[in-house]
Amino acid sequence: RLWPKALSGTQIEGVVTLTEIQGLSGGYAVVGASDGTVAAVNISTGATLWQTAALGDAIGASVGVQVWAASDASFQGQFGGDVLFVGTKNASPTNNKVYALNAATGAVLWTFNALGGTAVDVVTGIPWVNHDANQVLITTRSNGGSQPSLWALSTLNGIVGPSWSLGDINNWLGWGMDGVVYVPAADGKLYALDLATLTMKWTSPFD
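All of the points below concern the structure found in this document. Everything numeric here is computed off the predicted structure, so don't read it as measured data.

**Side note on unusual backbone geometry**
1) Next: In this structure, Asn113 takes a positive phi of about 70 degrees despite not being glycine.
2) Next: Tracing the sequence through the fold places Asn113 in the loop between strand 8 (108–112) and strand 9 (123–130).
3) Next: A positive phi angle, close to 50 degrees, is found at Leu198, a residue other than glycine.
4) Next: Structurally, Leu198 is set in the loop between strand 15 (190–194) and strand 16 (199–200).

This is the structure:
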């Protein structure tokens, strides 16, 4: 291997997110771990740029990124660089959270469901960022179909917009060049979400 193992005593459950970070040189691997922390590791040296305190029981999903240079004036005026989005894998199926992190430091910028007032199951997949609308789509499980499993959050402040009850969602979202996000539910149904209107493009899912 090129460098020693960067994080010891933890397991990485989600797909590694590879990214550059605004204002820093080189590339970084950003990962969530089984101890509930998130870390950014320099892919050339293996050095840990930062590692958060535990954000939850574990981090089972991958980390999403909003790139500062590709964002609009509202985003650039509020944040000084890239922002990461990560969700928790807590033992409770009703008290999970989504965090926005400063990509350069790991500092928490905002928290969705900070007080646990919204019933949110385990966060899954990869947070999908719509740079044009400053929104991030979060997929979760559904606590047996009793809770929403697709959430649209503002990347500026974490305020939740529409949410959809589609049953458990365990896989990644797919993006089409036609401005549609394809949502694969665990029960075998496929949904098409129109990003422009945040409504379902199809009258019924592909089953």
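**Let's talk about the sheet that holds strand 9**
1) Next: Spatial ordering of the open sheet is given by 9-10-11-12, a layout of four strands whose pairing is antiparallel. Strand pairing shows two members of the sheet lacking a second neighbour, strand 9 and strand 12 (160–164), which therefore form its edges. When strand polarity is set aside, the average angle formed by the axes of neighbouring strands in this sheet is 20 degrees.
2) Next: Note: strand 9 against strand 10 (residues 135–140), five bridges, orientation antiparallel. Looking at the pairing, Trp128 lines up with Leu137 of strand 10.

**Overview of the pairing of strand 2 (residues 27–32)**
Residues in a regular strand point their side chains to alternate faces of the sheet.
1) Next: Here strand 2 lies mainly inside the structure; six of its six residues are buried.
2) Next: Side-chain alternation along strand 2 places Gly27, Ala29 and Val31 on one buried face and Tyr28, Val30 and Gly32 on a second face that is also buried.
3) Next: Where strand 1 (residues 17–20) and strand 2 come together, four bridges link them in antiparallel fashion. Note on strand 2: the bridge partner recorded for Thr17 is Val30.
4) Next: Turn length for the strand 1-strand 2 hairpin, with the two strands adjacent in sequence and antiparallel, is six residues, and the turn residue Gly23 shows positive phi of about 90 degrees.
5) Next: Relative to strand 3 (residues 38–42), strand 2 runs antiparallel, the two being bridged by five bridges. In the sheet register, Val31 faces strand 3, and the bridge partner there is Ala39.
6) Next: Hairpin geometry of strand 2 and strand 3 is characterised by an intervening segment of five residues between the two adjacent antiparallel strands and by a positive phi of about 85 degrees at Gly36.

**A look at the packing of aromatic side chains**
1) Next: Enumeration over the complete set of coordinates arrives at four aromatic pairs.
2) Next: Judged by centre distance (5.9 Å) and plane angle (40 degrees), the ring pair of Phe85 and Trp110 falls under tilted. Taken together, the positions of Phe85 in strand 6 (residues 83–87) and Trp110 in strand 8 put the pair 25 residues apart, joining distant regions of the chain.
3) Next: Take Trp110: its relative accessible area is 8%, and that puts it in the buried class.
4) Next: Consider the rings of Phe112 and Trp151, whose centres lie 5.8 Å apart with planes at 55 degrees: the pair is tilted. Within this pair, whereas Phe112 is found in strand 8, its partner Trp151 is found in strand 11 (residues 150–154), the two being separated by 39 residues in sequence.
5) Next: Phe112 gets classed as buried once you look at its relative accessible area, which sits at 6%.
6) Next: Given a relative accessible area of 4%, Trp151 falls into the buried group.

**Comments concerning a nonpolar patch on the surface**
1) Next: There is a patch of nonpolar side chains on the surface, built from Ile12, Val16, Leu18 and Ile43 and spanning about 350 Å² of accessible area.
2) Next: Residue placement: Ile12 occurs in the segment before strand 1.
3) Next: The exposure class assigned to Ile12 is partly exposed, which follows from its relative accessible area of 38%.

Rules and cut-offs
Residues numbered from 1 in each chain as written. Predicted model: local features only at pLDDT ≥ 70, side-chain atom pairs only at ≥ 80, totals over all residues. Heavy atoms only, no water. Helix = DSSP H or I, 4+ residues; strand = E, 2+ residues; numbered from the N terminus. Pairing = 2+ DSSP bridges. Axes fitted to C-alpha atoms, helices over the stretch in contact; angles between N-to-C directions. Buried < 20%, exposed > 50% of the residue type's maximum accessible area, 1.4 Å probe, protein only. Phe/Tyr/Trp six-rings, centres within 6.5 Å; stacked < 30°, edge-to-face > 60°. Patch = residues over 30% accessible without salt bridge, like charges linked within 9 Å, V, L, I, M, F, W, Y side chains within 5 Å. Areas by Shrake-Rupley, 256 points an atom, 1.4 Å probe, with all protein chains shown as cover. Salt bridge = Lys/Arg side-chain N within 4 Å of Asp/Glu carboxyl O.

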